[in-house]
Amino acid sequence: AFDITSLRQKTGYITYDPGFGNTGSCASAITFMDGERGILRYRGIPIEDLAENATFIETAYLLINGHLPTLNELNRTRVLLNDFSLIHESMQVFFQNFPRASHPMGILSGMIMALRSFYPDMGEEDINIHFLYLLSKVRTMAAMSYRMSRGEKVVYPRHDLSYCANFLNMMFDSPVHPYIVDEDLVRALNVFLILHADHEQNCSTSAVRVVGSSKAPLYASIAAGVSALWGPLHGGANQAVIEMLEKILKEGATIDEVIRRAKDRKDPFRLMGFGHRVYKTYDPRAKIIKKMCDKILEKLKIEDPLLDIAKKLEEVALTDPYFVDHNLYPNVDFYSGIVLRAMRIPTNMFPVMFAIGRLPGWIAQWKESMEDPSQRISRPRQIYTGLPQNPFQDIMER
Ligand code: ACO
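What counts and what doesn't
Residues numbered from 1 in each chain as written. Predicted model: local features only at pLDDT ≥ 70, side-chain atom pairs only at ≥ 80, totals over all residues. Helix = DSSP H or I, 4+ residues; strand = E, 2+ residues; numbered from the N terminus. Rg over C-alpha atoms; globule rule 2.2 N^0.38 Å. Buried ≥ 20, exposed ≤ 12 C-beta atoms within 10 Å, placed from the backbone. Contact = placed C-beta atoms within 7 Å. Pairing = 2+ DSSP bridges. UniProt positions renumbered as here; feature names shortened; annotations may be inferred. Axes fitted to C-alpha atoms, helices over the stretch in contact; angles between N-to-C directions. Parallel < 35°, antiparallel > 145°, perpendicular 65-115°, else oblique. Nonpolar A, V, L, I, M, F, W, Y, C, P; charged D, E, K, R; others polar. Near = placed C-beta within 6 Å. Left-handed = near helix turned anticlockwise from the far one by under 90°.

**Here's the deal with the overall build of the protein chain**
A tally of helices and strands in the protein chain yields 18 helices and 3 strands. The C-alpha radius of gyration computed for the protein chain amounts to 23 Å, which stays within 12% of the reference 21 Å derived for 398 residues, consistent with globular compactness. Taken over the C-alpha atoms alone, the protein chain extends approximately 70 × 60 × 50 Å along its principal axes. Split into buried and exposed, the 398 residues of the protein chain put 40% on the buried side. By sequence separation, contacts in the protein chain at least 24 residues apart represent 76% of the contacts at least 6 residues apart.

If you want it as structure tokens, here you go:
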């Protein structure tokens, strides 16, 4: 325990807010969240309307530029995203040398850092081009890392395909089994990416802003976002949910046992895909993805036992006093993994899918912070709890 009175005498007033639960770190006009009522809006537009009507690229444009693109703006963006979709052939050597079992998030973070070095002729002045570079090439690199991890030949992006169709084609096309683009899956991927596109000052976005605040390059800031997203309490949760559901299925645990473990504070186990720092009600993104999950599985005629387990867990948790008292509801990750599985995306790629989706949000937030004259270098204080003073001891006397 620390003595707050003596601390104030020594340092003046400092807000003690572990995990920054009550700290507004910036002013932002990008994303509105109301955690009590379960509302999420990008630039004022409800997430439900964007999921219903927009593409991921329109949403990315909206977040970064502040308005939905006109037809001309959208066409120009599409052309540029196509133009920038290839990555330097020499970068393939990097991919080839990662050990087979490497996690794709580690590869992605490293490759984003490397990306800038491969294009030294591009000046920093046209930052909008760098934004499109990232949006286009991160998608190509994500698909490449998957192909390489399986020892398969890389599939190059195609100019005739949309952003999402191109990604699926780069992942799954092969000379033996040519990939047939399924428009329902393309739509589902668009919705998945839209739902993940921004979420105000979450862990990874804060990491992007903190790194950017030292005036480190855009690429370094985005790579920091990927690293922060990797953890199972954030973007790694979609992978952790599926692993949890698979374990329940394999071990034959009952729903009541799982819920009991999640409530036991002595057990580190948590119900993955449940709970949120801001939402104290049902996550609006989870509502949309749950509906989409049912639709996609029905369309593809897939019977996934993991979906049944997830639904039963939700049913029990939503009426359990512990979950009700703690305001623990499904978050976006609870059902998103099941949608990705239906698309044949492997589990260790799930956080990468989240990263592709969150990229426009990171870019928009980085841009906003660079344009904000009131932003200073991020430098929180601390509550020092160590020894006030400690004499140096010679090595022979320790
Ligand atoms: N299962 C069981 N209990 C939980 C869970 C859970 N999933 N989440 C929170 N709790 C409990 C905590 O044990 C704590 O209980 P206590 O007050 O009795 O000690 C209380 O609820 C508050 O939890 P905190 O960890 O303090 O909440 P915080 O806001 O710091 O964390 C988080 C939020 C990380 C999302 C947490 O709910 C969690 O770990 N959930 C599981 C992982 C997950 O799904 N992450 C994805 C988040 S969404 C996203 O990033 C897209």
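**Focus on the pairing of strand E2 (residues 39-42)**
Side chains of E2 alternate between two faces, with Leu40 and Tyr42 buried and Ile39 and Arg41 left unburied. Bridging between strand E1 (residues 31-34) and E2 involves 4 bridges; their strand directions are antiparallel. By the bridge assignment, Phe32 is partnered in E2 with Arg41. Pairing geometry for E2 and strand E3 (residues 45-46), over 2 bridges, is antiparallel.

**Structural notes on the UniProt feature "active site" (unreviewed entry) in the protein chain**
Mapped onto this numbering, the UniProt entry annotates "active site" (unreviewed entry) at His276 and Asp333. Across 58 residues, the annotated set stays spatially compact, with a maximum C-alpha separation of 10.7 Å. Its location among the elements puts His276 in the loop between helix H13 (255-263) and helix H14 (284-299). Residues contacting His276, with those up to four places away along its chain left out, are Asp283 and Asn331. By C-beta crowding, Asp333 is classed as buried, having 29 other C-beta atoms within 10 Å. For Asp333, the residues in contact, after removing those within four places along its chain, are Ala237, Asn238, Val241 and Gly273.

**Focus: the sheet that holds E1**
Read across the open sheet, the 3 strands follow the order E1-E2-E3; overall the sheet is antiparallel. Single-partner strands in this sheet number two, and they are E1 and E3.

**With respect to the environment of Gln201**
Tracing the backbone through its elements, the reader meets Gln201 in the loop between helix H9 (183-196) and helix H10 (203-213). Spatially, the C-alpha atom of Gln201 lies 23 Å from that of Ala54, the residues being 147 residues apart in sequence. If near-sequence neighbours (up to four positions away) are discounted, Gln201 is found in contact with Ser25, Cys26 and Ser206.

**Describing the packing of helix H12 (residues 237-251) against helix H15 (residues 305-319)**
Between two packed helices, the angle of one axis relative to the other and the distance separating the axes together describe the packing. The N-to-C vectors of H12 and H15 enclose an angle of 100°; their axes lie 10 Å apart at closest approach. What the angle tells us is that H12 and H15 run roughly perpendicular. Along its contact with H12, which presents Ile242, Leu245, Glu246, Ile248 and Leu249, the element H15 presents Pro305, Leu306, Ile309 and Ala310. A per-class count over the contact of H12 with H15 returns 8 nonpolar, no polar and 1 charged.

**A closer look at the site of the ligand**
Lining the immediate environment of the ligand, one finds 18 residues, of which Ala237, Arg270, Phe274, Gly275 and Arg277 sit closest. The residue inventory of the shell around the ligand, partitioned by class, reads 8 nonpolar, 7 polar and 3 charged.

**Examining the packing of helix H7 (residues 127-149) against helix H8 (residues 163-172)**
Two elements in contact, H7 and H8, have axes whose closest approach is 9 Å; the angle formed by their N-to-C orientations is 20°. Classified by the angle between their axes, H7 and H8 sit roughly parallel to one another. Regarding H7 and H8, the two cross each other, and that crossing is right-handed. Here Arg139, Thr140, Ala143 and Tyr146 of H7 come into contact with H8, specifically with Tyr163, Phe167, Met170 and Met171. In terms of residue class, the contact of H7 with H8 is built from 6 nonpolar, 1 polar and 1 charged.

**What about unusual backbone geometry?**
The backbone of Lys301 shows a phi angle near 55°, a positive value even though the residue is not glycine. Relative to the helices and strands, Lys301 resides in the loop between H14 and H15. For Arg344, which is not glycine, the phi torsion reads 75° and is therefore positive. Using a count of 10 C-beta atoms within 10 Å as the deciding quantity, one classes Arg344 as exposed.

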